[in-house]
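# Summary of the model geometry
Now for the letters of each chain:
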There are 2 protein chains.
Amino acid sequence: MFTIGIDLGGTNIVAAVVNGSYKIVSKAKRPTAMPRTADEIFDDIAQVCREAVDSAGITFEDVEWIGMGTPGTVNTEGVIEYANNLGFDHIYAKTMLSERLGIDNIFVENDANCAALGEAYAGSGHGSKDFVAVTLGTGVGTGIIQGGKIVAGVNNAGGECGHMVIVVDGEPCTCGRKGCWEAYASATALINQTKAAMEENPESIMHQLAEEEGKVSGRTAFDAMRRNDSAGIKVVDQYIKYVACGITNLVNALQPEIICIGGGICNEGETLLRPIRRYVESERYSVYSKVQTLVVKADLGNDAGIIGAALLGLAK
Amino acid sequence: MFTIGIDLGGTNIVAAVVNGSYKIVSKAKRPTAMPRTADEIFDDIAQVCREAVDSAGITFEDVEWIGMGTPGTVNTEGVIEYANNLGFDHIYAKTMLSERLGIDNIFVENDANCAALGEAYAGSGHGSKDFVAVTLGTGVGTGIIQGGKIVAGVNNAGGECGHMVIVVDGEPCTCGRKGCWEAYASATALINQTKAAMEENPESIMHQLAEEEGKVSGRTAFDAMRRNDSAGIKVVDQYIKYVACGITNLVNALQPEIICIGGGICNEGETLLRPIRRYVESERYSVYSKVQTLVVKADLGNDAGIIGAALLGLAK
């Protein structure tokens, strides 16, 4: 059995043929080259699908279904209702792809949900049916899998746990709320927290580290911590506390088998994960349970979304 | 088809026979009369089941299954792992009930989850499959229904959304965390907020209202607000903001069809619900969705748990 997964992003369109063991057997890619019309973009999406199929040495008759991950909100009819960074407003994605490829069996889903599905089935979830994927990036993206299915909610807009408030009246969030988890636990937030600490601590080694790297990044405070810089240690401790606070919230609400954490910050590995686990262990409500949620690093990196898209037929 | 629902509480043991239309056809009740041994309590549970069956004019042969709701954490084998207010530590509830009544088809579940199930299938959910029940009482109890099933998590301890932090480093919570939703949005929290405002505002009418009622209650600030007392208005506005903050968090995470709010505070009806809906509408992430989560008042009152227990066979 083969399926096709498509990852439609603001920068690239990627398609992959995925086999029955959830492995990528071929991949094709083109730049999204914004701004373009939806018709132009979907012409290219169809083309990268053809290229992926060719390079896998199969035909479209071997393809059971096509799944596409896209930014924004997708409704149950496969219409992208709104995708800010693609300039999409009610784009009939499923129909447009079906017309171009002559295939009816097409699923369209939010890209963060696809990534969660990929990690659950084929990555750090090892087939787990109750799973949450958290990505610490520009924002905090999350996807929830329950009973092996994506929790999309009544309007397919579910799974936005980054926009759960953890500090009432706190830092402003891009979504309009104040105090969202994203405003404290994203890489963007970490960089802001690092900059604020640098301003308060002119003696901190973080100034030198930022100068060497040419910018303040998500690594600056972690690198300073490794050099025993007290301001850096404080930033990292506080940031990890924010991340772990939201993770514990998810544990208390859902008690999934596994929560995976992905995104650039996760390159810190156990430096990040060990204190998060310690915090969760000390704060979770399920103190008396023998079985507990595992907190692990995401496995699939950038392939999570495309593999998850290819698996949509299993989880819709 | 008939089933039996049992509500085991710290004060009373109630059993009801429920019919295929999810209606209670008979009910029996005894005091839990703590402290007693688990064996004594289960003797009485079996006895109230017999009484409910008798008064329904049926026999146990007409009973398809028995469901029991209990405080505390229950594992998948029907063992109550821990229930603080019953003094239960690893009580084999399913086995003990099965031995006494000669019935194998028995389900045991946390009582808040039962109440959510009852509301989803037979109450304010009108059969909704994606549903959250929130109870504003001594604590903030929640139960999550996804795809018609209880979200129990890997250890059956899921659905504790009252213990999601909304104020990092905020008010201490009974669970050990600081800043839980429960510490701001429970009836207990409202009473504390009312008392603090009374102390700060000796001229407030809340002093007179509390004296008339003999205590500060969850109604004091609402009654003062209705008399245009500025301190009372402030307490109510702030409390509603805390409640709505957590409700919006749940909307953003799960986008359920319906969230119902129950508990004594809900007697305020639209006085409470209207501003909560307004807050949710202005803060939810799903601004572009045509379909949105409905926020409604719980329907079944104290019967939610017992009806939900009787329906466990549908949702496990």
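Structure's up top.
Each helix and strand in chain A was counted, giving eleven helices and 13 strands. Projected onto its principal axes, the C-alpha coordinates of chain A cover approximately 60 × 50 × 35 Å. Classification of the 316 residues of chain A by burial places 59% in the buried group. Partitioning the intrachain contacts of chain A with sequence separation of at least 6 by distance along the chain shows that 60% fall at a separation of at least 24.

Turning our attention to the interface of chain B and chain A. Contact with chain B, which involves 46 residues of that partner, is made by 46 residues of chain A. Looking only at chain B, the three residues that lose the most surface to chain A are Val-154, Arg-177 and Tyr-285 of chain B, adding up to 16% of its buried area. The interface formed by chain B and chain A holds four salt bridges in total. A salt bridge links Lys-241 of chain A to Asp-169 of chain B; its shortest N-O distance comes to 2.8 Å. At the junction of chain B and chain A, the tally comes to 26 residue pairs in polar contact (both at pLDDT 80 or more). Elements represented by at least two residues in the side of chain B that touches chain A include exactly β6 (80–83), β10 (140–146), α8 (230–254) and α9 (270–283) of chain B. With eight residues, α8 of chain B is the largest single contributor of residues to the side of chain B that touches chain A. Partitioned by chemical class, the residues of the side of chain B that touches chain A number 22 nonpolar, 16 polar and eight charged.

As a further point, take the pattern of salt bridges. All names here are of chain A. Per the stated rule, a full pass over the model turns up 24 salt bridges over all chains. Salt-bridge contacts for Arg-100 lead to Asp-43; the nearest nitrogen and oxygen are separated by 2.8 Å. Placement of the pair is Arg-100 in helix α2 (residues 93–101) and Asp-43 in helix α1 (residues 38–56), with a sequence separation of 57 residues.

Turning to the pairing of strand β13 (residues 294–297) of chain B, a few remarks are in order. Residues and elements named next belong to chain B. With four bridges connecting them, strand β12 (residues 258–262) and β13 associate as parallel partners. In the sheet register, Cys-260 faces β13, and the bridge partner there is Val-296. Taking the sense of rotation as the criterion, the β-α-β connection linking β12, α9 and β13 turns out right-handed.

The set of residues buried in helix α2 (residues 93–101) of chain B consists of Ala-93, Met-96, Leu-97, Ser-98 and Leu-101 of chain B. As for α2 of chain B, its buried residues are in contact with β1 (2–8), α1 (38–56), β4 (63–70), β6, β7 (88–91) and β8 (106–110) of chain B.

On to the sheet that holds β4 of chain B. Each strand in a sheet pairs with another by means of backbone hydrogen bonds, the pair being arranged parallel or else antiparallel. Residues and elements named next belong to chain B. Spatially, β3-β2-β1-β4-β8 is the arrangement adopted by the five strands of the open sheet, whose pairing is mixed. Each edge of the sheet is formed by a strand with only one pairing partner; in this case those strands are β3 (24–31) and β8. Each strand axis lies, on average, 15° off the axis of its neighbour in the sheet, ignoring direction. As defined by bridge partners, β1 adjoins strand β2 (residues 12–19) across seven bridges and the pair is classed as antiparallel. Across the sheet, the residue bridging to Ile-6 is Ala-15, located in β2. Running at roughly 150° to β3, α1 makes contact with β1, β2, β3 and β4 of the sheet. Docked against the sheet, helix α10 (residues 303–310) engages β1, β2, β3 and β4, running at close to 135° with respect to β1.

Another aspect to go through is the sheet that holds strand β13 (residues 294–297) of chain A. Residues and elements named next belong to chain A. With mixed pairing, five strands are arranged side by side in an open sheet as β11-β10-β9-β12-β13. Two strands lie at the open edges of the sheet, namely β11 (149–150) and β13, each paired on one side alone. Of the strand pairs in this sheet, strand β10 (residues 140–146) and β11 are connected by two bridges, and their pairing is antiparallel. Considered in β11, the bridge of Gln-146 is made with Lys-149. Sitting on the sheet, helix α9 (residues 270–283) touches β9 (131–136), β12 (258–262) and β13, and the angle it makes with β13 is about 170°.

Describing an aromatic ring pair means giving the distance of the ring centres and the angle of the ring planes. Residue and element names in this part refer to chain B. As enumerated under the stated definition, the model contains ten aromatic pairs over all chains in all. Note on Trp-65 and Phe-107: the rings are 6.1 Å apart at their centroids and 90° apart in plane angle, and the pair reads as edge-to-face. Remark: Phe-107 occurs in strand β8 and Trp-65 occurs in strand β4; sequence separation between them is 42 residues.

All names here are of chain B. In the contact formed by helix α3 (residues 111–122) and α10, the axes pass within 6 Å of each other and the chain directions differ by 85°. What the angle tells us is that α3 and α10 run roughly perpendicular. Of α10, the residues touching α3 (which contributes Cys-114, Ala-115, Leu-117, Gly-118, Glu-119 and Ala-122) are Ala-304, Gly-305, Ile-307, Gly-308 and Ala-309. Tallied by class, the residues present in the contact of α3 with α10 amount to seven nonpolar, three polar and one charged.

Attention now goes to the relation of the copies chain B and chain A. Once turned by 180° and shifted 0.0 Å along the axis, chain B lies on chain A with an RMSD of 0.1 Å. With respect to symmetry, the two chain copies, as superposed, fit the operation of a two-fold axis. The residues that chain B uses at the interface reappear at the interface of chain A in 100% of cases, marking a shared surface.

This next bit is on the side chain of Asp-229 of chain A. All names here are of chain A. Take Asp-229: it is sitting in the loop between α7 (220–226) and α8 (230–254). Among buried Asp, Glu, Lys and Arg side chains, Asp-229 stands out as unpaired, with Arg-227 the closest opposite charge at 9.3 Å. A distance of 2.9 Å separates the side chain of Asp-229 from the side chain of Ser-204, its partner in a polar contact. Ignoring sequence-local partners within four residues, the contact set of Asp-229 consists of Ser-204, Ile-205, Met-206 and Ala-224.

Here the focus is the packing of α8 of chain A against α9 of chain A. Each pair of packed helices can be summarised by the angle the axes make with each other and by the distance between the axes. Residue and element names in this part refer to chain A. The N-to-C vectors of α8 and α9 enclose an angle of 50°; their axes lie 9 Å apart at closest approach. Taken together, the axes of α8 and α9 lie oblique to each other. Along this stretch, α8 crosses α9, giving a crossing that reads as right-handed. Here α8 contributes Tyr-239, Ile-240, Lys-241, Val-243, Ala-244, Cys-245, Ile-247, Thr-248, Val-251 and Asn-252 to the contact with α9, which in turn contributes Thr-271, Leu-272, Pro-275, Ile-276, Tyr-279, Val-280 and Glu-283. Classifying every residue of the contact of α8 with α9 gives twelve nonpolar, three polar and two charged.

Attention now moves to the side chain of Arg-284 of chain A. All names here are of chain A. Its place among the elements puts Arg-284 in the loop between α9 and β13. For Arg-284, which is buried and forms no salt bridge, the nearest opposite charge comes from Glu-281, at a distance of 5.1 Å. Side-chain polar atoms of Arg-284 contact the side chain of Gln-292, separated by 3.4 Å. Look past the residues within four positions of Arg-284 in its chain and what remains in contact with it is Thr-248, Val-251, Asn-252 and Gln-292.

This next bit is on the environment of Glu-160 of chain B. When you line up the elements, Glu-160 of chain B lands in the loop between β11 (149–150) and α4 (182–185). Residues contacting Glu-160 of chain B, with those up to four places away along its chain left out, are Asn-252, Ala-253 and Tyr-285 of chain A together with Thr-142 of chain B.

What follows is about α9 of chain B. All names here are of chain B. Over its 14 residues, α9 extends 19 Å from the first C-alpha to the last, a length consistent with the 20 Å expected when each residue adds 1.5 Å. Residues Leu-272, Leu-273, Pro-275, Ile-276, Tyr-279, Val-280 and Glu-283 constitute the buried set of α9. Buried positions along α9 lie against β9 (131–136), α7 (220–226), α8, β12 and β13.

Rules behind the numbers
Residues numbered from 1 in each chain as written. Chains lettered and ligands numbered in written order. Predicted model: local features only at pLDDT ≥ 70, side-chain atom pairs only at ≥ 80, totals over all residues. Heavy atoms only, no water. Helix = DSSP H or I, 4+ residues; strand = E, 2+ residues; numbered from the N terminus. Buried < 20%, exposed > 50% of the residue type's maximum accessible area, 1.4 Å probe, protein only. Contact = heavy atoms within 4.5 Å. Buried area = accessible area lost by both parts, 1.4 Å probe. Salt bridge = Lys/Arg side-chain N within 4 Å of Asp/Glu carboxyl O. Polar contact = N/O pair within 3.5 Å; in protein donor to acceptor, adjacent residues only side chain to side chain. Nonpolar A, V, L, I, M, F, W, Y, C, P; charged D, E, K, R; others polar. Pairing = 2+ DSSP bridges. Right-handed = clockwise from strand over helix to strand, strands pointing away. Axes fitted to C-alpha atoms, helices over the stretch in contact; angles between N-to-C directions. Phe/Tyr/Trp six-rings, centres within 6.5 Å; stacked < 30°, edge-to-face > 60°. Parallel < 35°, antiparallel > 145°, perpendicular 65-115°, else oblique. Least-squares fit on C-alpha atoms with pLDDT ≥ 70 in both. Lys, Arg positive; Asp, Glu negative; His and termini not counted. Left-handed = near helix turned anticlockwise from the far one by under 90°. Expected span 1.5 Å × (residues − 1).

Without other data, these values stay purely geometric and don't point to any function.
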